[in-house]
Amino acid sequence: MASIGEFDPLNSSVPATKIEITVSCRNLLDVDTFSRSAPVVVLYVQGIGTKEWREFGRTEVIDNTLNPDFVRKFVLDYFFEEKQNLRFDVYNVDSRSSNISKHKSFLGQTFCTLGEIIGSSGARLERVLSGIPGKKCGSIIFTAEELSNCRDIATMQLCANKLDKKDFFGKSDPFLVFYRSNEDGTFTICHKTEVIKNTLNPVWQPFTIPVRALCNGDYDRTVKVDVYDWDRDGSHDFIGEFTTSYRELSRGQSQFNVYE
């Protein structure tokens, strides 16, 4: 989950604070005929002098969902004395082409400032999406957190045994979703593994993740891991969950890292 760009206004002498923005959407418009939408969020920043909007970055595309929680974050430099205008456009993507203008349907947009997100209660801001006359476009949720200076990188591999069988004609197609805890008791998504088809004893591929993404440098911060059975239509079945911390995970393969 590397950052997908940094906003650096020209001629700013004030030291910047790096802010990570996590994005979710709820109750998006369903514009696909045979499946649910495949949403992506594109962030545009407004130039300080030119007032022109330029693309800063975009989330990943998530298939078959009207309620996406995006793993890929936006990392921006926050300048306290400057008004940093942001525009978030939500699209349904019909193709994996990088040229989004040729393979997209507009699902709505909202405008805010970076300061509004940071200053909202719990650094969590929810806005109604608009831009399609006569349609309710759902909402978009931003969660902000100041990034620590932690530069550690973790590589880990997980496996599971005797998972619950969820598929009628086969076993399960399990994948893992990692979340870090927040002070208000909520969780922020930070990683998804690949799906392993038709097994109750999966061994997922090793993956490398910045410790800053997993716990923002707080080794004792609660990390929650959910196990799901993947379904093509996006209605993934919940299998189970466990909680841990980076300090526990960093002990490596041992009895301490076996979870019911």
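Residues numbered from 1 in each chain as written. Predicted model: local features only at pLDDT ≥ 70, side-chain atom pairs only at ≥ 80, totals over all residues. Heavy atoms only, no water.

- Within an unreviewed UniProt entry, the label attached to the chain reads C2 domain-containing protein, and the organism entered is Cirrhinus molitorella.

### Re the overall build of the chain
Next, step 1: Of regular secondary structure, the chain possesses three helices and 14 strands.
Next, step 2: Within the chain, the proportion of its 260 residues that are buried is 48%.
Next, step 3: In the chain, of all internal contacts separated by at least 6 residues, the share reaching a separation of at least 24 is 64%.
Next, step 4: Of the accessible surface of the chain, which amounts to about 13900 Å², a share of 48% is contributed by carbon and sulfur atoms. (Helix = DSSP H or I, 4+ residues; strand = E, 2+ residues; numbered from the N terminus. Buried < 20%, exposed > 50% of the residue type's maximum accessible area, 1.4 Å probe, protein only. Contact = heavy atoms within 4.5 Å. Areas by Shrake-Rupley, 256 points an atom, 1.4 Å probe, with all protein chains shown as cover.)

### So, the sheet that holds strand S3 (residues 53-58)
Next, step 1: Taken together, the four strands give an open sheet; going across it, the order is S3-S2-S5-S6, and neighbouring strands pair in antiparallel fashion. Each edge of the sheet is formed by a strand with only one pairing partner; in this case those strands are S3 and strand S6 (104-113). Averaged over all pairs of adjacent strands, the angle between their axes in this sheet comes to 25 degrees, without regard to strand direction.
Next, step 2: Of the strand pairs in this sheet, strand S2 (residues 39-46) and S3 are connected by five bridges, and their pairing is antiparallel. From the neighbouring strand, Leu43 faces S3, where its bridge partner is Gly57. (Pairing = 2+ DSSP bridges. Axes fitted to C-alpha atoms, helices over the stretch in contact; angles between N-to-C directions.)

### Let's talk about the nonpolar core
Side chains of nonpolar character tend, in soluble globular proteins, to be buried together.
Next, step 1: Core analysis: the biggest nonpolar cluster contains 30 residues, and Ile21, Leu76, Phe88, Ile140 and Phe142 have the highest contact counts within it.
Next, step 2: Within the residue set of this core, elements represented by two or more residues are strand S1 (17-26), S2, strand S4 (74-78), strand S5 (85-93), S6, helix H1 (114-119) and strand S8 (139-146).
Next, step 3: Ranked by residue count, the leading element in this core is S1, at four residues.
Next, step 4: Within the second largest apolar cluster, 25 residues are counted, among which are Cys190, Ile196, Ile209 and Val223. (Core = buried A, V, L, I, M, F, W, Y, C linked by side-chain atoms within 4.5 Å.)

### Some details on unusual backbone geometry
Next, step 1: In the Ramachandran plot, Asn64 falls in the positive-phi region, its phi being about 55 degrees despite a non-glycine side chain.
Next, step 2: Among the residues examined, Asn64 registers a relative accessible area of 12% and is labelled buried.
Next, step 3: Of note in this structure, Asn216 is not a glycine but carries a positive phi near 55 degrees.
Next, step 4: Examined against the element boundaries, Asn216 turns out to sit in the loop between helix H2 (211-215) and strand S13 (222-229).

### Observations regarding the pattern of salt bridges
Next, step 1: In this structure the tally under the stated criterion is twelve salt bridges.
Next, step 2: Close ionic contact of Arg127 with Glu116 constitutes a salt bridge, the shortest N to O distance being 3.0 Å. Residue Arg127 is found in strand S7 (residues 124-128), and its partner Glu116 is found in helix H1; the two are separated by eleven residues along the sequence.
Next, step 3: A residue is classified by how much of its surface remains accessible, and Arg127, at 24% relative accessible area, is partly exposed. (Salt bridge = Lys/Arg side-chain N within 4 Å of Asp/Glu carboxyl O.)

### Points about the environment of Gly252
Next, step 1: Looking at the element boundaries, Gly252 is found in the segment after helix H3 (246-249).
Next, step 2: Remark: the alpha-carbon pair of Gly252 and Gln157, spanning 95 residues in sequence, is separated by 9.4 Å.

### Observations concerning the side chain of Asn216
Next, step 1: Note on Asn216: relative accessible area 10%, which makes it buried.
Next, step 2: A distance of 2.8 Å separates polar atoms of two side chains, one belonging to Asn216 and the other to Glu145.
Next, step 3: Beyond its immediate stretch of four places on either side in the chain, Asn216 contacts Glu145, Glu146, Leu147, Ser148, Val211 and Arg221. (Polar contact = N/O pair within 3.5 Å; in protein donor to acceptor, adjacent residues only side chain to side chain.)

### Looking at the sheet that holds strand S14 (residues 237-245)
Next, step 1: In space, the four strands of this open sheet follow the order S11-S10-S13-S14, with antiparallel pairing throughout. The open sheet has two free edges, formed respectively by strand S11 (187-192) and S14, since each of these has just one partner strand. Averaged over all pairs of adjacent strands, the angle between their axes in this sheet comes to 30 degrees, without regard to strand direction.
Next, step 2: The pairing of strand S10 (residues 174-181) with S13 spans seven bridges and is classified as antiparallel. Within S13, the position partnered with Phe178 by the bridge is Val225.

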